[in-house]
Amino acid sequence: MADAPFVHFEGVVAGYGGGDVLKGVTFDVAYGGVTCIVGPNGSGKSTLLKTVSGLVRPRLGSITFKGQNLVGMSPRDILRLGVVQVPQNHSLFKEMTVEQNVELGAFLIKDRKVVAERLRAIRESFPIVAERANDKAGSLSGGQQRLVEFARCLMLEPELVVLDEPSMGLDPKTLRVMFNTIKMMNSLGRTVLLVEQNARQALKMSHHGVVLENGLVRLTGTGTEVLNNPDIAALYLGGSVSVRPVH
Ligand SMILES: Nc1ncnc2c1ncn2[C@@H]1O[C@H](COP(=O)(O)OP(=O)(O)O)[C@@H](O)[C@H]1O
Ligand SMILES: [Mg+2]
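In this text the structure is predicted, and so the values were computed from the model without any measurement. (Residues numbered from 1 in each chain as written. Chains lettered and ligands numbered in written order. Predicted model: local features only at pLDDT ≥ 70, side-chain atom pairs only at ≥ 80, totals over all residues.)

Observations regarding the domain arrangement of the protein
And then number 1: Splitting the protein by domain gives domain 1 (1-82 + 159-247) and domain 2 (84-157).
And then number 2: A separation of 24 Å is found between the C-alpha centroids of domain 1 and domain 2.
And then number 3: Contacts between domain 1 and domain 2 engage 21 residues on the former and 15 residues on the latter.
And then number 4: Here the element with the most residues in the side of domain 1 that touches domain 2 is helix α7 (residues 172-187); it accounts for 6 residues.
And then number 5: Grouping the amino acids of the side of domain 1 that touches domain 2 by side-chain chemistry returns 13 nonpolar, 5 polar and 3 charged. (Domains from an automatic or database assignment. Contact = placed C-beta atoms within 7 Å. Helix = DSSP H or I, 4+ residues; strand = E, 2+ residues; numbered from the N terminus. Nonpolar A, V, L, I, M, F, W, Y, C, P; charged D, E, K, R; others polar.)

What to know about the site of ligand 1
And then number 1: The environment of ligand 1 is formed by Y16, V21, G39, N41, G42, S43, G44, K45, S46 and T47.
And then number 2: Residue composition of the shell around ligand 1, by class: 2 nonpolar, 7 polar and 1 charged. (Near = placed C-beta within 6 Å.)

Section: the environment of E99
And then number 1: Position of E99 relative to the elements: it lies in helix α3 (residues 98-104).
And then number 2: Judged by C-beta crowding, with 20 C-beta atoms within 10 Å, E99 ranks as buried.
And then number 3: For the pair formed by E99 and M168, sequence separation is 69 residues and the distance between their alpha carbons is 23 Å.
And then number 4: Those residues in contact with E99, other than ones at most four positions away along the chain, are V129, A133 and N134. (Buried ≥ 20, exposed ≤ 12 C-beta atoms within 10 Å, placed from the backbone.)

Looking at the environment of T51
And then number 1: Tracing the backbone shows T51 in helix α1 (residues 45-52).
And then number 2: Sequence-wise, T51 and I63 are 12 residues apart; in three dimensions their C-alpha atoms are separated by 8.2 Å.
And then number 3: If we skip the residues at most four places from it in the chain, T51 touches V12, A14, V56, P58 and I63.

What to know about the sheet that holds strand β4 (residues 60-65)
And then number 1: Spatial strand order, β2-β1-β4-β5: 4 strands in an open sheet with antiparallel pairing. The outermost strands of the open sheet, each flanked by one partner alone, are β2 (20-29) and β5 (68-69).
And then number 2: In the sheet, β4 pairs with β5 via 2 bridges, with the strands oriented antiparallel. Its bridge partner lying in β5, T64 is registered against N69.
And then number 3: Sheet contacts for α1: β1 (7-15), β2 and β4; angle to β2, the most-contacted strand, approximately 65°. (Pairing = 2+ DSSP bridges. Axes fitted to C-alpha atoms, helices over the stretch in contact; angles between N-to-C directions.)

Overview of the nonpolar core
And then number 1: Counting residues in hydrophobic clusters, the biggest one holds 61 residues, and the most contacted among them are V129, V148, A151, V161, V162, V192 and L194.
And then number 2: The element that contributes the greatest number of residues to this core is helix α6 (residues 142-154), accounting for 6 residues.
And then number 3: For this core, the domains that each give at least three residues are domain 1 (1-82 + 159-247) and domain 2 (84-157).
And then number 4: With sequence-adjacent residues up to four places away left out, V129 is seen in contact with V98, E99, V102, I122, R123, V148 and A151. (Core = buried A, V, L, I, M, F, W, Y, C linked by C-beta atoms within 7 Å.)

Focus: α1
And then number 1: Counting buried residues along α1, 7 of its 8 residues qualify, which places the element largely inside the surrounding structure.
And then number 2: Downstream of α1 by one or two residues, G54 has phi in the positive range, about 85°.

A closer look at the sheet that holds strand β7 (residues 160-164)
And then number 1: Spatially, 6 strands are ordered β6-β7-β8-β3-β9-β10 in an open sheet, and the strand pairing comes out mixed. Edge strands, defined here as strands with exactly one partner in the open sheet, are β6 (83-86) and β10 (216-222). Taken pair by pair, the neighbouring strands of this sheet meet at an average axis angle of 15°, ignoring direction.
And then number 2: Pairing analysis gives 6 bridges linking strand β9 (residues 208-213) to β10, with the strands arranged antiparallel.

Things to note about the packing of α6 against α7
And then number 1: Packing of α6 against α7 brings their axes to within 10 Å, and their N-to-C directions diverge by 10°. Compared by their axis directions, α6 and α7 come out roughly parallel. Where α6 approaches α7, its residues G143, R146, L147, F150 and L154 are matched on the opposing element by T174, V177, M178, T181 and M185.
And then number 2: When its residues are assigned to classes, the contact of α6 with α7 shows 6 nonpolar, 3 polar and 1 charged. (Parallel < 35°, antiparallel > 145°, perpendicular 65-115°, else oblique.)

Quick look at the structure:
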C-alpha cells in the first residue's frame, strides 16, 4: 500500500433510484489528517459519506481504503476494517446510560478485558464519559451527546472516523468544544473525514478541504486554500448562479 492513497474515491456515481445524486466523485483522503467536505445543502455530502460506510452502494466507481475496494462490502465488514461513521442525527440510546452507550461501540470486540481497557482510556480523553457514566444518555445536552457519540465510535479504535455535520444544532461554545474534540481524536491517530455546514470554522481546523457541488467535486486543496477561494464565499453567501437551494 506504499503508494496507494489512504482513501481514494474514483468516479463514484450513486443515488436512490430516481437519478444520480453523486455524478462521478473523485478525490483522496490523506492518511493522518482531517479532510473536510463542504458544499450547499442537497449537494450529496451525506450520500457520499453513506457510500463509504456501505449504506449506499455506488452504481459506478470505486472507493478504496488502503488499496481495498469498499464498494459491495457490507456495512459490518467495512466497520471491521476500521471505518466508523457517526451519523448526522443523534444516535445514542436515550434510555441507556452513557457508559452503556459507549460500551456498545465495542460490539464487535469479544474480549471483555480489551473493552474495559479501551473504556478506561476513553474516560481519560472524554471527561463527560466518566462524569456522567451512570446518567441516561437522554439527559445530556445535544452537544454532550455528540461527544459521547465520538467516544463510542473510538471504542473500535478506528483508522478512519467519518463524521456527518457534527456541529448541527450546537451553540457556539459547545461548537468550540466539539471542534477541539475532533482535533483531539485526530491527534490520537485517527484520520478524520468530515462534512460540515459550519464551513469556515471547519476548514480552519482541517488539513484538506473538498467542495462538493451538485454531486461533483468542484475544488480541492488545503483547508486554508479552500477557505480563501473567492468562489467559495460566493457559494456560501449566495449571489452565485452555482448556488442551488434545497428542495
Ligand atoms: N434516502 C433518500 N431517498 C431519496 N432521496 C434522497 C435520500 N437521501 C437524500 N436524498 C436526496 O439526495 C440529494 C442529496 O442529499 P444529501 O446527500 O443528503 O445532501 P447533503 O448532505 O449535501 O445536504 C437530495 O436531493 C436529497 O433529497
Ligand atoms: Mg447532509
